[in-house]
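The chain contents come next:
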Amino acid sequence: MKIGIDAKWFFEGPPSNRVVIRNLVEHILAQNKKDNFYVFLKKADKKKTFPYSYQNVKLVYVNTFTNALTNIFILPFYTRKFFLDVMLFQNFPSPFCKSVSINYIHDILYLDYPQYFTFLELIYLWPIKILTRRCDHVITISNSEKTRLIKHGFKSENKISVVYHGVNRKFRTKFSESECKRIKEKYDLPESFILYVGRLNHRKNISTLIKALNETDNMNLVIVGKTDNQHINIKKLVKTLDLKSRVIITGHLPDTEIPYLYAMAKFFCFPSYAEGFGLPPLEAMAVGTPVIVSNSTSLPEVCGDAAIYFNPESHFELKDKIIKINSDKNQYMELKQKGIERSKCFNWEDAAFKLNHVLHEVFNNNKT
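Residues numbered from 1 in each chain as written. Predicted model: local features only at pLDDT ≥ 70, side-chain atom pairs only at ≥ 80, totals over all residues. Heavy atoms only, no water.

Trainee: Explain the packing of helix α11 (residues 279-286) against helix α14 (residues 329-343) here, please?
Mentor: A pair of packed helices is characterised by two quantities: the angle between their axes and the separation of those axes. Relative to each other, α11 and α14 sit at 115 degrees, their axes nearing to 7 Å. Read as a crossing pair, α11 and α14 show a hand that is left-handed. Of the residues in α14, those touching α11 at Leu 282, Met 285 and Ala 286 are Gly 339, Ile 340, Arg 342 and Ser 343. Grouping the constituent residues of the contact of α11 with α14 by class yields four nonpolar, two polar and one charged. (Axes fitted to C-alpha atoms, helices over the stretch in contact; angles between N-to-C directions. Helix = DSSP H or I, 4+ residues; strand = E, 2+ residues; numbered from the N terminus. Left-handed = near helix turned anticlockwise from the far one by under 90°. Contact = heavy atoms within 4.5 Å. Nonpolar A, V, L, I, M, F, W, Y, C, P; charged D, E, K, R; others polar.)

If you want it as structure tokens, here you go:
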């Protein structure tokens, strides 16, 4: 079988989506040596080294505009050129694709939570529903998102498969004390701190976390991430609450350093209003750091009984949860162990295996 994979975000793209693409591509190529894979990358990345070399894998570098325009108008040319049997798209499948067309949808939160997206983003994302109705199958990342897709009429239940994300192996290793010390000194981190990792925008609800911190005594917060659209002025809020000595904003950090931040944190907090999956809490669990998350959308599905939950609308409730976990040693140790075990349920090997199974199953069903 000839399989095309839209991997244009492999080198550069939205941070969370890039993590997903890199891990899925790595493991599906390692697992499947029987099929022929055509991995589509941006032509601008041609000089970058693709880290996997297999005889059954061909790299195809394409001109890119927006992800939508490239998928709709450019990729179909290559599906016909290489006589592909299956094409796996990211978010925007093409109605001009002659291959079996599968759309990998990360989330459609913009439909239920439009207030967290800009007007231009909403316009850009609007065609996904129409295009998805014309493709053969959908893969999404949680049952929460599958329910949302069904509710909004993207596809019927039997045309949607759920493939959970995984936790990269680097989060399950031991972390050297010398490297932890180096990173701690590099970013001038406090001895004990709460950690947040993710985008810095309204949907992530970081303001509630900062307000909760303000209600505690002498606790510190480290915020790791890059500002994007619909961002909040975190520095202004920190200044208004007189928390400059207790809040460190590092900005975007290299992927190689983030596991050490998880390992050094006292606990991890993810106050997001809405998530399609929510990978950072699992990454924190994998290194043995207790987790506090909001009780919304996919987060209870992902974190199970291994996290403490709170209402994302209430910084007072979050404050109570922070104080409790910080003072209850028994619960703290119990959460550490539960988190490690819970994170083991999610790995990229299983995700790639299931994705490969779905590709074959959908192709066979459409062939007959």
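Trainee: Looking at this structure, how should I read the environment of Ser 178?
Mentor: Topologically, Ser 178 is positioned in helix α7 (residues 177-186). A residue is classified by how much of its surface remains accessible, and Ser 178, at 55% relative accessible area, is exposed. Taking the C-alpha atoms as reference points, Ser 178 and His 357, separated by 179 residues in sequence, lie 43 Å from one another. (Buried < 20%, exposed > 50% of the residue type's maximum accessible area, 1.4 Å probe, protein only.)

Trainee: Even after reading the chapter, I still don't get the pattern of salt bridges, so can you show me in this structure?
Mentor: Pairs may arise between side chains of opposite charge once their charged atoms sit close together. The full count for this structure, using the stated rule, is 20 salt bridges. Note that Arg 182 is salt-bridged to Glu 257, the shortest N-O span being 3.5 Å. Taken together, the residues span a long stretch of sequence, with Arg 182 in helix α7 and Glu 257 in the loop between β10 (247-251) and α10 (258-264) at a distance of 75 residues. Assessed through its relative accessible area of 37%, Arg 182 is described here as partly exposed. Relative accessible area serves as the criterion here: at 5%, Glu 257 is assigned to the buried category. (Salt bridge = Lys/Arg side-chain N within 4 Å of Asp/Glu carboxyl O.)

Trainee: How do you make sense of the side chain of Asn 67 when you look at a structure like this?
Mentor: Within the secondary structure layout, Asn 67 lies in helix α2 (residues 67-81). A residue is classified by how much of its surface remains accessible, and Asn 67, at 11% relative accessible area, is buried. A polar contact is formed between the side chain of Asn 67 and the side chain of Lys 8, at a distance of 2.9 Å. At a separation of 3.2 Å, a polar atom in the side chain of Asn 67 contacts the main-chain carbonyl oxygen of Gln 90. If we skip the residues at most four places from it in the chain, Asn 67 touches Asp 6, Lys 8, Trp 9, Gln 90, Phe 92 and Tyr 124. (Polar contact = N/O pair within 3.5 Å; in protein donor to acceptor, adjacent residues only side chain to side chain.)

Trainee: I'm lost on the sheet that holds strand β8 (residues 194-197) in this one. Help?
Mentor: Sheets are built from strands that pair by backbone hydrogen bonding, the pairs being arranged parallel or antiparallel. If you walk across this open sheet you meet the six strands as β10-β9-β8-β11-β12-β13, and the pairing is parallel. Looking at strand neighbours, the two that pair on one side only are β10 and β13 (308-310), the edges of this open sheet. Shown here is a sheet whose adjacent strand axes are inclined to one another by a mean of 20 degrees, direction ignored. Alignment of β8 against strand β11 (residues 267-270), held across two bridges, turns out to be parallel. Residue pairing across strands places Ile 194 opposite Phe 267, the latter belonging to β11. Taken strand by strand, helix α8 (residues 206-214) contacts β8, β9 (221-224), β10 and β11, and its axis lies near 165 degrees from that of β9. (Pairing = 2+ DSSP bridges.)

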